[in-house]
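# Per-entry structural report
These are the residues of each chain, in order.
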Amino acid sequence: MEDDELEGEFILGWPDRKRLTQMTSADAEGRVVYARSPILEQEGLITPTNAFFINAQVQMPEPVYPEDWSFEISGEVDRPFSLTLEELKKMPARTVRAVTECAGNDGDYFAFLEGKSNTKPELARGNEDFHDFVQKYKNANATLEEAQARPSGTNLCSGGEWTGTPLRAILERAGFRKDTAVSVRMVGFDIGTPNAMKLYRAAGSMDADVAQPGAIPFDKALPMDKALDDDTIVAWAHNGDALLHVHGAPARVIVPGWAGNWWVKWLDKIEVADHMVPCYHQTEYFVLGKSYDDPDKTMCMELGCKSIITWPRDLHSPIKTGEHLVRGFAWSGMGAIERVEVSLDGGDTWTDAHVEYSPDKWLWKRWSFLWNIEKPGKYSIMARAYDEAGRMQPVTEANYLRKHFDGIVPSEVTVE
Ligand SMILES: Nc1nc2c(c(=O)[nH]1)N[C@H]1C(S)=C(S)[C@@H](COP(=O)(O)O)O[C@H]1N2
Ligand SMILES: [Mo]
């Protein structure tokens, strides 16, 4: 154990190394409303629940107790119905292990890689003033200047195991109309007013004519194909335990491969529609495009193909000559990662890294590369991933809302 691990904690009465915990921000009553995951310290593939990131677009709703909860399905169906949690659990369940990545995770690296920002975002560690940092980040009354100077969103990504009922089984039980069904509108019971600052910031002007829908529930209209995917489930369990309120209890949707915003929490109702319902968080926010006025904006759907280096990063410099294990995670929005390559010379030459076997196509994989450094100096280390759909990192072009970042961020490391 390294020294800082020996500071440790008492676990079950025994001194032990420190465990992973989130970086949290709480409301005035001390209730956690936002958290980031300590990705650099995570050992295995499943993020422990008390290290999982937490995000909500509008606001955390008051909890609804499982016994008082039911959800309904209606719209383009022959047999609308509503189900309690107990009834939902009686349907055949399925367990899916997948990465949840917020669409905005690592977004500020776009500006860094384009040379538009000199500050290199670092995958934030447990900074002391994390709460203040988040206040600044989420402030709806910020000036445009303040909003544009905000710190970046990193570490909004975790791996989890989810158990629930396939959405397909719920749709079939309701007799959805195959000929007319186009999307499945999933609605949460959280209601709030979207922060217009996010759009002004992206448009680069407070004069932009941005949508201001007022108080709305968080909703998403999932295209039919993805709604019918076997791995799209309505989950009530997370990492072996009942879903926590912050993660959407009593039940939330899991849409593997697609960014976190599709994973509607606090599910209230499902409406099958004969068109793509123009949900705010689908037409105004969570879109890909060149600018706010881009007529070809498209809604964000599956994630790109991505690897990150967890060691060494800039902050680990200086390191010593000798044998080191370069390591990280890799994941894709279109299935399993098949290969990761590493470059130790800033991208001139690439060598295969070792990708550890794991059976879950939607979960990230661990990769590593044994690096024997003979000479001191400055090194630029890069990694790039390939997925089973044949895609190579990076996939996603820079876009004005900075969503779905999957670029290659070099680690600049000094060796002594
Ligand atoms: N009902 C509801 N579901 C929601 C949201 C929300 O604001 N309301 N936020 C989404 C976003 S943007 C993300 S990244 C994920 C975060 O899930 P987690 O908090 O369980 O990590 O939830 C999604 N589901
Ligand atoms: Mo998100």
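Since we're looking at a predicted model, the values are computed, not measured.

This part is about the site of ligand 1. Taken together, 21 residues form the shell around ligand 1, and within it Phe53, Gln57, Asp190, His247 and Lys265 come nearest. Interatomic distance of 3.0 Å between a backbone N/O atom of Trp263 and a nitrogen atom of ligand 1. Within the contact set of ligand 1, an oxygen atom lies 2.5 Å away from a side-chain nitrogen or oxygen of Lys265. Burial of ligand 1 by the surrounding chains reaches 100%, relative to a free accessible area of 530 Å². For the shell around ligand 1, the per-class residue count stands at 12 nonpolar, 6 polar and 3 charged. Both domain 1 (18-55) and domain 2 (66-103 + 157-299) contribute no fewer than three residues apiece to the shell around ligand 1.

Okay, the packing of aromatic side chains next. Evaluated as defined, the whole model comprises 12 aromatic pairs. Note on Trp69 and Phe71: the rings are 5.6 Å apart at their centroids and 25 degrees apart in plane angle, and the pair reads as stacked. When sorted by exposure, Trp69 lands in the same class as Phe71, which is buried. When the ring of Phe329 is compared with that of Trp364, the centres are 4.5 Å apart and the planes differ by 20 degrees; the resulting orientation is stacked. Within this pair, whereas Phe329 is found in strand β18 (residues 322-332), its partner Trp364 is found in the loop between β21 (354-355) and β22 (365-373), the two being separated by 35 residues in sequence. Exposure class is identical for Phe329 and Trp364. Each is buried.

Taken as a whole, the second largest pocket spans an internal volume of roughly 1,100 Å³. As for the second largest pocket, its lining consists of 45 residues, and the residues nearest its centre are Asn55, Ala56, Gln57, Lys138 and Lys198. Every element with two or more residues in the lining of the second largest pocket is listed here: β4 (32-36), α4 (130-138) and α7 (197-203). If one sorts the elements of the lining of the second largest pocket by residue count, α4 sits on top with 4 residues. Here the residues of the lining of the second largest pocket sort into 20 nonpolar, 15 polar and 10 charged.

Conventions used here
Residues numbered from 1 in each chain as written. Chains lettered and ligands numbered in written order. Predicted model: local features only at pLDDT ≥ 70, side-chain atom pairs only at ≥ 80, totals over all residues. Heavy atoms only, no water. Near = heavy atom within 4 Å. Polar contact = N/O pair within 3.5 Å; in protein donor to acceptor, adjacent residues only side chain to side chain. Areas by Shrake-Rupley, 256 points an atom, 1.4 Å probe, with all protein chains shown as cover. Nonpolar A, V, L, I, M, F, W, Y, C, P; charged D, E, K, R; others polar. Domains from an automatic or database assignment. Phe/Tyr/Trp six-rings, centres within 6.5 Å; stacked < 30°, edge-to-face > 60°. Buried < 20%, exposed > 50% of the residue type's maximum accessible area, 1.4 Å probe, protein only. Helix = DSSP H or I, 4+ residues; strand = E, 2+ residues; numbered from the N terminus. 1 Å grid on protein atoms, 1.4 Å probe; cavity = no way out; pocket = protein on both sides within 12 Å on 5 of 7 lines; lining within 4 Å. Points joined across faces, edges and corners; volume = space filled by probe spheres on them.

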